Amino acid sequence: MTEQDLEGLNPEQREAVLHTEGPLLVLAGAGSGKTRVLTTRIAWLIGSLGIAPEGILAVTFTNKAAGEMRERVEKMCGDAAAGVWLATFHSICVRILRRDISHLGYARGFSIYDEADSLGVVKEALRRHDIDPKAEDPRRLRWRIDQWKNAGVLPHQAEASAGDFEERRAAALYATYQKLLAEAGALDFNDLLLLTVQLFERFPDVLGWYRRRFQYVMVDEYQDTNRVQYRLIHQLASEHRNLCVVGDPDQSIYAWRGADIRNILDFERDYPDATVVKLERNYRSTSPILEGASGVVAHNVARRARGLYTEREGGAPIRLFEAQDDREEAQFVVREIVSAVREQGRRYGDFAIFYRTNAQSRVFEEQLLEYDVPYVVVGGVRFYDRAEVKDALAYLRLLRQPADSAALRRIVNKPARGIGKTTVEAAEREAESQGVPLLEGLKRFADSEAGARVAPKVARFVELLERLTREIGSASPSEAIARVLDQTGYLVDLEREGGPEAEARLENLRELVAAAQDFERANAEIRDEERSLLDLFLDQVALVSDLDEYDRRDEVVSLMTAHSAKGLEYPVVYLSGMEEGVFPHAGALRDDAGLEEERRLCYVGMTRAMEKLTISFAQQRLRFGSRTFGMPSRFLDEIPPAVVERVRPRFSHVPPPARTRSAPPGERAYDYSYAQESHAEGIVAPGLRVRHPRLGNGVIVKVLGNGPSQKIDVRFEHAGLKRLVLRFANLELG
DNA sequence: TCTGTAGGCGTTTTT
DNA sequence: CGCCTACAGA
């Protein structure tokens, strides 16, 4: 920590750094240097005020953000940074629970369930209630349970407040789901937070230890916290009250995941003595970019007006490109990147392509491959989500926690060893009736008369598990993985299979071993007498996303969703797919709140750009394998015309796009009169809610054909399933 | 029990 | 379009 670190700050930033005592709310606009404020603040506490690093807690949402902050703090105050608790909500909770969860009656060796595991538990809960998965969509139920958990509602509370039959049933399933998790010695993602809060509520002594310890608490991206996180933070900070939260209401994009804007409003209510600092100077974007983005978000009604201004006057206007279809859109972007690299000395790492949904990455990938442009898709399918990687990890989980039934179900017949579906179902019934974990149920079934046929196979499997348990007892993570893959015959099986697909899977497994070795190197000095390095490795892989590992120092073009883009910045940004129904997404248009969140998301995407921002949309696009027609996003109308310029491909060998729906772009610099018409006919896609003047409300289930004779199937709430000719149906968005 | 295939269904966004 | 599930046949 040097004087320079402080002097480089503007007055507001400095105030936020120096105001260390008492509650502080920092409203930090996009690109206003909030990470810098947070890291300097930590360095100031340690370096100048002499606070013990162990007394500081800093919470972020992504491991990446935590890692970046740690790096910067280290630069300012060296090794002392290691003592700071600087991590994501989830990893902090894991740390606390691994220490103290036994108070709640859980074993400390609990497994952490990912989404797929937890969906499996939901399905099992449905089976136990004899409910057909068709009658109650497991995914929807899971979502519902998540919502309850985000709000901090426990099963008995959900049951108590349930109104109709359906809700009572869902609440009962929630209770069963929780019971199954407990039996499996497992916690889902939300449990990590929820159980920590419960632990603190029910055991004030435990909380006392932590709240005395953390003299200073800081929270990044505060606008994205949910109610449980809110409670957690306030539990921890209420002793010393030195709580600093940093957020931007305009960048709140996780309401769908339970983020609650009340958390910002309540902050001022709960801490009437709070100091509020506003960071409104943007250091990132040029003025047209910032003006354009601000123009969009200013259309939100439920918003406190605020001013954000840039230091970077001038700069190129925002460019707008209309493509005939998604392929042309992608080709345009990729050709631009190629020529900017060739002719303007840009680097691939300067570019990012954003889209609303992961599925949209595909067209871009095709074009990038076509033009030999190196790229990375950030997010999407995680490395640790690949089937073979999950299999290997499931073995490890099962060995550490034999009750982990999701892990068992996953690998019980991988590679094939003759323990199939029928056997597992029988084991499940056994486990249910005896109230024992699935593995125990499997053993008991094998011992019974009915299970005589599979008994030898089960015995061999059990023996394998016992042997592995012995062998990996003190093994390092990479050794443990290697042994599992070897002893189970998994590797031999893949090698025998051969072919490019098997080869790719083998490669992924080699990568997994390498990742484990990296982990060992990075944590070589850690000595935790309670938990082995393998346990710590399993925790880490459960909690990291690809985004965390993503490193832009690789010189490649980055592709990601607008959500993933938050917190990042690029010299040149392409924001694609700006069509009604895509962005804003059709599924988010249910209510004003949904639309406003889409608008903030658009704002987030736009404000990632430092120098150049190009926005594009396509007249038609392939969705679900069929062609759909789109209208320009309403957000385009909201960008102040003065900062926008329409562009055409400037590549001579590209034939000019045939225009069918609108005048040639050159003739209208900025004109979306047709975008003002009803949005209902713009894009039709399954899942979209519509209203028919006579038939009432319904949901589109299928789109047939295209053009003027395009028909749709709509399931109406009262009138049932109807097939309508779109052009004559006179539908409104419902 | 395993393998192949036909049909159905889905996409928001993610720690 | 591509993934997953259900089902039929060996």
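Bear in mind that the values here come from a model prediction, so they are computed numbers and not experimental data.

Some words on the pairing of strand β2 (residues 56–60)
- Where burial is concerned, most of β2 is hidden: 5 out of the 5 residues are buried.
- Burial along β2 is two-sided: the residues I56, A58 and T60 and L57 and V59 are all buried.
- The pairing of β2 with strand β6 (residues 216–219) spans 4 bridges and is classified as parallel. Counted as the bridge partner of L57 is V217 from β6.
- Relative to strand β3 (residues 85–88), β2 runs parallel, the two sharing 4 bridges. Paired with L57 across the strands is W85, a residue of β3.

What about the protein's contact with DNA strand C?
- What surrounds DNA strand C is the set K123, R362, F624 and G625.
- Here DNA strand C approaches the protein such that, of its atoms within 4 Å, sugar and phosphate make up 42%.
- A distance of 2.4 Å separates a phosphate oxygen of DNA strand C from a polar atom in the side chain of R362.
- F624 has a polar backbone atom sitting 3.5 Å from a base nitrogen of DNA strand C.
- Here the residues of the surface near DNA strand C are counted per class, giving 1 nonpolar, 1 polar and 2 charged.

A word on the protein's contact with DNA strand B
- Neighbouring DNA strand B are 25 residues, the closest being F61, R356, N358, T422 and T423.
- Of everything in DNA strand B that lies within 4 Å of the protein, sugar and phosphate atoms constitute 48%.
- Taking R139, its side chain carries an N or O atom lying 2.8 Å from a phosphate oxygen of DNA strand B.
- Broken down by secondary-structure element, the contributors of at least two residues to the surface near DNA strand B are α19 (421–434) and α27 (562–565).
- Of the residues that constitute the surface near DNA strand B, the class distribution is 7 nonpolar, 15 polar and 3 charged.

Here we look at the packing of aromatic side chains
- According to the stated counting rule, one finds 14 aromatic pairs in the structure shown.
- With centroids separated by 5.5 Å and ring planes inclined at 65°, the aromatic side chains of F61 and F89 adopt a geometry described as edge-to-face. Taken together, the positions of F61 in the loop between β2 and α4 (63–77) and F89 in helix α5 (residues 89–100) put the pair 28 residues apart, joining distant regions of the chain.
- Overall, the relative accessible area of 3% leaves F89 in the buried class.
- Here F354 and Y570 contribute two aromatic rings whose centre-to-centre distance is 6.2 Å and whose plane-to-plane angle is 70°, an arrangement assigned as edge-to-face. Of this pair, F354 sits in strand β12 (residues 351–355) while Y570 sits in strand β15 (residues 570–575), and the two are 216 residues apart along the sequence.
- The structure contains a cluster of three or more aromatic residues connected by ring pairs, namely W85, F200, W209, Y210 and F214.
- Positioned above the aromatic ring of W85 is the side chain of R95, whose terminal nitrogen or guanidinium carbon lies 3.9 Å from the ring centre.
- Across from the ring centre of Y230, 4.9 Å away, lies the NZ or CZ of R227, which sits over that ring.

Thoughts on helix α25 (residues 533–543)
- For α25, a buried count of 8 out of 11 residues is recorded, marking the element as mostly surrounded by other parts of the structure.
- Along α25, the residues that are buried comprise L534, D535, F537, L538, D539, V541, A542 and L543.

Here we look at empty space enclosed by the protein
- For the structure shown, the criterion picks out 7 cavities of 30 Å³ or more.
- Here the largest cavity is characterised by a volume of approximately 160 Å³.
- Around the largest cavity sit 16 residues that line it, and R128, L180, E183, S405 and R409 are the ones nearest its centre.
- Mapped onto the lining of the largest cavity, the elements with two or more residues apiece are α6 (115–128), α9 (165–183), α18 (405–411) and α19.
- Here the lining of the largest cavity is composed, by residue class, of 9 nonpolar, 1 polar and 6 charged.

Description of the packing of helix α2 (residues 11–18) against helix α3 (residues 34–47)
- At a closest axis distance of 8 Å, the pairing of α2 and α3 adopts a crossing angle of 45°. On the basis of the axis angle, α2 is oblique to α3. α3 is crossed by α2, and the crossing has right-handed handedness. Each of Q13, A16, V17 and L18 in α2 lies in contact with α3, whose residues at this interface are V37, T40, R41 and W44.

As for the pattern of salt bridges
- By the definition in use, this model includes 50 salt bridges.
- Where E366 meets R362, a salt bridge forms, and the shortest distance between an N and an O atom there is 3.5 Å. Of this pair, E366 and R362 both sit in helix α16 (residues 361–370), 4 residues apart, which is roughly one turn of that helix.
- Note on R362: relative accessible area 58%, which makes it exposed.
- One connected set of salt bridges, linked through shared partners, spans E124, R127, R128, R409, E428 and E432.

Here's the deal with the sheet that holds β3
- The sheet built from 6 strands is open, its strands ordered β3-β2-β6-β7-β1-β8 with parallel pairing. Each end of this open sheet is capped by a strand with a single partner; those strands are β3 and β8 (275–279). Direction aside, neighbouring strands of the sheet carry axes that sit 15° apart on average.
- Pairing of strand β1 (residues 24–28) with strand β7 (residues 243–247) involves 4 bridges; the strand directions are parallel.

Points about the environment of D191
- With respect to the helices, strands and loops of the structure, D191 is situated in helix α10 (residues 189–202).
- Look at D191 and you get buried, because its relative accessible area is 1%.
- C-alpha separation for the pair D191 and T35, spaced 156 residues apart in sequence, amounts to 28 Å.
- Setting aside chain neighbours within four positions, we find D191 in contact with L97, K149, Q178, L181 and T196.

Considerations on the packing of helix α17 (residues 387–400) against helix α24 (residues 499–522)
- One can describe the packing of α17 onto α24 by two numbers: an axis separation of 8 Å at closest approach and a directional angle of 45°. In terms of axis orientation, α17 runs oblique to α24. With respect to the hand of their crossing, α17 and α24 are arranged in right-handed fashion. Residue-level contacts link E388, V389, A392 and L393 of α17 to R505, N508, L509 and L512 of α24.
- Considered class by class, the residues forming the contact of α17 with α24 number 5 nonpolar, 1 polar and 2 charged.

Cut-off values and rules
Residues numbered from 1 in each chain as written. Chains lettered and ligands numbered in written order. Predicted model: local features only at pLDDT ≥ 70, side-chain atom pairs only at ≥ 80, totals over all residues. Heavy atoms only, no water. Buried < 20%, exposed > 50% of the residue type's maximum accessible area, 1.4 Å probe, protein only. Helix = DSSP H or I, 4+ residues; strand = E, 2+ residues; numbered from the N terminus. Pairing = 2+ DSSP bridges. Near = heavy atom within 4 Å. Polar contact = N/O pair within 3.5 Å; in protein donor to acceptor, adjacent residues only side chain to side chain. Nonpolar A, V, L, I, M, F, W, Y, C, P; charged D, E, K, R; others polar. Phe/Tyr/Trp six-rings, centres within 6.5 Å; stacked < 30°, edge-to-face > 60°. Lys NZ or Arg CZ within 6 Å of the ring centre and 35° of its normal. 1 Å grid on protein atoms, 1.4 Å probe; cavity = no way out; pocket = protein on both sides within 12 Å on 5 of 7 lines; lining within 4 Å. Points joined across faces, edges and corners; volume = space filled by probe spheres on them. Axes fitted to C-alpha atoms, helices over the stretch in contact; angles between N-to-C directions. Parallel < 35°, antiparallel > 145°, perpendicular 65-115°, else oblique. Left-handed = near helix turned anticlockwise from the far one by under 90°. Contact = heavy atoms within 4.5 Å. Salt bridge = Lys/Arg side-chain N within 4 Å of Asp/Glu carboxyl O.

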